[in-house]
Number of protein chains: 2
Amino acid sequence: MTAQTQTANDDTNRDLVLTRLIDAPREKLYRAWTDPALLTQWFAPKPWSTPRAETDLRIGGSSTIVMADENGTEYPNTGQYLEIVPNEKLVFTDAFVGDWKPSAKPFMTVVLTFEDKGGKTLYTATVRHWTVEDRKAHEQMGFHEGWGLCANQLEELVARI
Amino acid sequence: MTAQTQTANDDTNRDLVLTRLIDAPREKLYRAWTDPALLTQWFAPKPWSTPRAETDLRIGGSSTIVMADENGTEYPNTGQYLEIVPNEKLVFTDAFVGDWKPSAKPFMTVVLTFEDKGGKTLYTATVRHWTVEDRKAHEQMGFHEGWGLCANQLEELVARI
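Calculation rules
Residues numbered from 1 in each chain as written. Chains lettered and ligands numbered in written order. Predicted model: local features only at pLDDT ≥ 70, side-chain atom pairs only at ≥ 80, totals over all residues. Heavy atoms only, no water. Contact = heavy atoms within 4.5 Å. Buried area = accessible area lost by both parts, 1.4 Å probe. Salt bridge = Lys/Arg side-chain N within 4 Å of Asp/Glu carboxyl O. Polar contact = N/O pair within 3.5 Å; in protein donor to acceptor, adjacent residues only side chain to side chain. Helix = DSSP H or I, 4+ residues; strand = E, 2+ residues; numbered from the N terminus. Nonpolar A, V, L, I, M, F, W, Y, C, P; charged D, E, K, R; others polar. Buried < 20%, exposed > 50% of the residue type's maximum accessible area, 1.4 Å probe, protein only. Pairing = 2+ DSSP bridges. Axes fitted to C-alpha atoms, helices over the stretch in contact; angles between N-to-C directions.

S.K.: An account of the interface of chain B and chain A is needed here, citing residue identities and associated values.
M.R.: Contact with chain B, which involves 19 residues of that partner, is made by 19 residues of chain A. In this assembly, chain B packs against chain A so that about 1700 Å² is buried in total across both faces, 63% of it on carbon and sulfur atoms. Considering only the side of chain B, the residues that lose the most area to chain A are B:W100, B:P102 and B:W130, jointly responsible for 39% of the buried surface there. Run the count over chain B and chain A and you get zero salt bridges. Between chain B and chain A we count twelve residue pairs in polar contact (both at pLDDT 80 or more) in total. Counting only elements with at least two residues in the side of chain B that touches chain A, the list comes to strand 4 (74–85), strand 6 (108–117) and strand 7 (120–129) of chain B. Residues belonging to the side of chain B that touches chain A are distributed by class as follows: eleven nonpolar, three polar and five charged.

Next comes the structure, spelled out in structure tokens:
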């Protein structure tokens, strides 16, 4: 067994994490993540767009954010809120589609935290998967670039609201 | 295609449900499901026993109920609370093991409701699965007999507390 193979076998990590210090109060970041009128302004990485968003912001409430590519083809993302601590924490998953109805395939759970750092906010998105394979697939789909671009757009939005 | 085959293909149900009218106030049923000292008195179908139970009763809190067979071999059941409405509703799943950490395999989500019916309680356990295959497997493992026996034991317990 080569060292490389051993490393691959030992790779049991199922999480992907994005962290960024953003020059805005955490209340604005929380609003940008929960208010449909704001979500449509930053959610999809350009040149994609976000034509619609619906957020039933309660434990068990569903969330649908519709992204569209350059041809206008729509890709809805449906999930459900799991934990809500206003301005501090938001947890949601695609394992349920609302009121604990299971989705077709549980892929990820997102834990967002907004920590106050003297008026700025330490923004952390921890994206958890049920399998190492799903984490790897998400990484290969471009998680770091995609979530990085979206964080840029989020940063631009909260600077002007 | 025979009618039987068609029925099998059309079987998209992913839920198993147990309903029972129990002659006890719903507060007692809720306690029996959440207090470790009570859970150990009824949870596992006899001759199995329930040596230990731990319940961190909060959204995201973990729950571990240990069952033991006649030889003393232990089978821990670990899950996590998703929604808590005291005396009315309790939702938990084995898809997480606590604080939104994904389990090895999401198998089921249990929605318990306790409805007041003039001092008696309409007790409903809806057990939801992510796939039809898992629902069928759970049924073949003896869901109806097992949960029925447990409901008998629950009924006996709440009659004497």
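S.K.: Residues and numbers for the pattern of salt bridges, please.
M.R.: Under the criterion given, the structure shown has 20 salt bridges over all chains. The partner of A:R128 in a salt bridge is A:D15, and the shortest N-O contact between them spans 3.9 Å. With A:R128 in strand 7 (residues 120–129) and A:D15 in strand 1 (residues 15–22), the pair connects residues that are 113 residues apart, well separated along the chain. Judged by its relative accessible area of 26%, A:D15 is partly exposed. The shortest N-O distance in the salt bridge between B:R58 and B:D56 comes to 3.0 Å. With a relative accessible area of 35%, B:R58 lands in the partly exposed category. A single network of salt bridges, built from pairs that share partners, joins A:D56, A:R58 and A:D99.

S.K.: Tell me what's going on with the sheet that holds strand 6 of chain B, and back it up with residues and numbers.
M.R.: Residues and elements named next belong to chain B. One open sheet holds the seven strands; their spatial order is 1-7-6-5-4-3-2, and the pairing between them is antiparallel. Both outer strands of the open sheet, strand 1 (15–22) and strand 2 (49–55), are each paired with one neighbouring strand and no more. Between one strand axis and the next, the sheet turns by 20° as a mean value, whatever way the strands run. Sheet analysis places strand 5 (residues 89–93) next to strand 6, joined by five bridges and oriented antiparallel. Across the sheet, residue T93 finds its bridge partner in strand 6, namely T109. Against the sheet, helix 5 (residues 143–159) contacts strand 1, strand 6 and strand 7, and its axis sits at roughly 25° relative to strand 1.

S.K.: Help me get a handle on the environment of B:H138, residues and values and all.
M.R.: Residues and elements named next belong to chain B. As for its placement among the helices and strands, H138 is situated in helix 4 (residues 132–140). Counting along the chain gives 20 residues from H138 to G118, while the straight-line C-alpha distance between them is 33 Å. Filtering out sequence-adjacent residues up to four positions away, H138 remains in contact with L16, F107, M108, V127, H129, F143 and W147.

By themselves, these figures tell us nothing about what the structure is for.
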